[in-house]
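# Examining the three-dimensional arrangement
Spelled out, the chains give:
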Amino acid sequence: MVAQTLVDHAVEIIRSNDQGTYTVPTHGLYPFQWNWDSALTALGISFFDEERAWTELSTLMDHQWEDGMVPHIVFHKEDEGYFPGPDVWQTSRKVPTSGISQPPVAGFAARKLFERAKDSTVSVQQAKQLLPKIDAWHDWFYRCRDPKRTGLVALIHPWESGRDNSVDWDLAFQRVPTDGVMPFQRRDLQHADASHRPTQAQYERYIYLVQLFRSLNWDNSKLHDASPFQIVDPGFNAILIRSCADLADLADELGETEIAARNRARAEKGARAMETLWSDTHNQYLCFDRRLGKSVDNPSIAGLLAVVAAVPQNRAMQIGARIMELGETCRYLVPSQPATSPHFDGKRYWRGPVWLIVNYLISDGLKRANQIDVAERIISDSLDLIANSGFAEYYDPNTGEPCGGKSFTWTAAMVIEFLTQARAQT
Ligand code: DGY
């Protein structure tokens, strides 16, 4: 398929998932607005409708909580086809939302939208409205998820990472009990193959945590310390650090010097603290289990995604080399878990499959660190996957089999990015 056909197809998918002021990730499996899906989707939308791209971000930020948190799902409309819905979350919002957050890519996306804007009146106006909200969200993370002020935030639920069933959580999940978990019926299995999805045992623990936080009335001054699951994820922190740095640059452009200074300070502190997550044994960053006070001995994609932040040049080179090594063991980069790992499962969500959004973020970071060959290999593998297997949610890194949901919005958005932006910059 030639590039133009792929771009046309991607635009068609995004349009078919467009709900007017937000976009669903895919019909059926995910019928609401998801946080980082939306922010990354805005990048793809900007290719054909700049104003609509800003709306995607502003709709998301309109549902920010008073404490600064931006929820991972906004339940704009009722839909029986998803579990857990608003009746389980019980967050008492006028428009119901979930009660946890997700990787904060909004600052990163807003800066990109601003830089590429053709309509500067709209972009200045939109960016000015978003700035204080994104700043408040960043503040919320460091206030509520880093109470000891280490410079790194912890996740308190795997759904916050976006990498729901990563091998990284296996050990910590042994500490999460299942007693008192309500009986429930999963809906994801009506829309996707069970062998591609998290297990029932994992779902019980996801729900245990939701019930625990709900019993604390979603009071973010209590949730971090109360959670048996507290993981510092290098990929997640790198996204936050990058978004702080990008928001600082954007704020400077708009003359908002205080917002710029605050975010630059957060990014600098975070970047220094990231070094504590480096592993010489694995040649990459690792997660850290804050409850145990120990690093998680698993070289997942989280430690490679770290390159999306401005890590030291030697680290970027080590990550580049590590990714090329992974490329020797599977056909398509970048597997979410190394194909040689005993825990690898090529089709099961985040235990092996390749995700285009992560490929995009990693390749963006690698290019900034001048690791052009590695970035190009990742982009080329990503486009091969699309040409061979269509616009799926994720893909088996060995066979390229499309997995999870189909006609997937952010996959389409990333294809547009790869073909119209990422390639153009190199
Ligand atoms: C799901 O339902 O699978 C989501 O990843 C949770 O946000």
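Here goes a summary of the coordinates provided. Everything numeric here is computed off the predicted structure, so don't read it as measured data.

## Observations concerning the packing of aromatic side chains
Using the criterion set out here, one finds 28 aromatic pairs in the structure. Between Trp89 and Trp218, the ring centres sit 5.6 Å apart and the planes meet at 35 degrees, which makes this aromatic pair tilted. Of the two residues, Trp89 sits in helix H4 (residues 86-89) while Trp218 sits in the loop between helix H10 (200-215) and helix H11 (223-226), which places them 129 residues apart along the sequence. Among the aromatic residues, those joined into a ring-pair cluster are Trp89, Trp159, Trp169, Phe173, Tyr203, Tyr206, Phe213, Trp218 and Phe229. Lying over the aromatic face of Tyr349, Arg197 brings its terminal NZ or CZ to 4.7 Å of the ring centre.

## Some points on the site of the ligand
The immediate surroundings of the ligand are formed by Tyr30, Trp34, His72, Tyr82, Trp159, Asp164, Arg197 and Tyr349. At 3.2 Å from an oxygen atom of the ligand is found a side-chain nitrogen or oxygen belonging to Tyr349. If the ligand stood free it would expose 230 Å²; the protein chains cover 95% of that surface. The site holding the ligand turns out to be the largest cavity.

## What to know about helix H3 (residues 50-61)
In this model H3 runs 17 Å from its N-terminal to its C-terminal C-alpha over twelve residues, within 8% of the 16 Å that 1.5 Å per residue would give. Among the twelve residues of H3, ten are classified as buried, and the element is accordingly described as predominantly covered. By the burial criterion, the buried members of H3 are Glu50, Arg52, Ala53, Trp54, Glu56, Leu57, Ser58, Thr59, Leu60 and Met61. Considering only its buried residues, H3 is in contact with strand E1 (33-34), helix H2 (35-46), helix H5 (106-116) and helix H6 (120-144).

## Here's the deal with the sheet that holds strand E3 (residues 231-232)
Sheet strands pair by backbone hydrogen bonding; their relative direction is either parallel or antiparallel. Spatial ordering of the open sheet is given by E3-E6-E7, a layout of three strands whose pairing is antiparallel. Since the sheet does not close on itself, it has two edges, and those belong to E3 and strand E7 (294-295), each with one partner.

## Quick notes on empty space enclosed by the protein
For the structure on display, the rule yields three cavities of 30 Å³ or more. Of the pockets and cavities examined, the largest cavity occupies roughly 250 Å³. Along the wall of the largest cavity there are 22 residues; nearest its centre are Tyr30, Trp34, Gln102, Asp164 and Tyr349. Its residues assigned to classes, the lining of the largest cavity shows 14 nonpolar, three polar and five charged.

Reading the values: the criteria
Residues numbered from 1 in each chain as written. Predicted model: local features only at pLDDT ≥ 70, side-chain atom pairs only at ≥ 80, totals over all residues. Heavy atoms only, no water. Phe/Tyr/Trp six-rings, centres within 6.5 Å; stacked < 30°, edge-to-face > 60°. Helix = DSSP H or I, 4+ residues; strand = E, 2+ residues; numbered from the N terminus. Lys NZ or Arg CZ within 6 Å of the ring centre and 35° of its normal. Near = heavy atom within 4 Å. Polar contact = N/O pair within 3.5 Å; in protein donor to acceptor, adjacent residues only side chain to side chain. Areas by Shrake-Rupley, 256 points an atom, 1.4 Å probe, with all protein chains shown as cover. 1 Å grid on protein atoms, 1.4 Å probe; cavity = no way out; pocket = protein on both sides within 12 Å on 5 of 7 lines; lining within 4 Å. Sits in = over half its atoms within 2 Å of the grid points. Expected span 1.5 Å × (residues − 1). Buried < 20%, exposed > 50% of the residue type's maximum accessible area, 1.4 Å probe, protein only. Contact = heavy atoms within 4.5 Å. Pairing = 2+ DSSP bridges. Points joined across faces, edges and corners; volume = space filled by probe spheres on them. Nonpolar A, V, L, I, M, F, W, Y, C, P; charged D, E, K, R; others polar.

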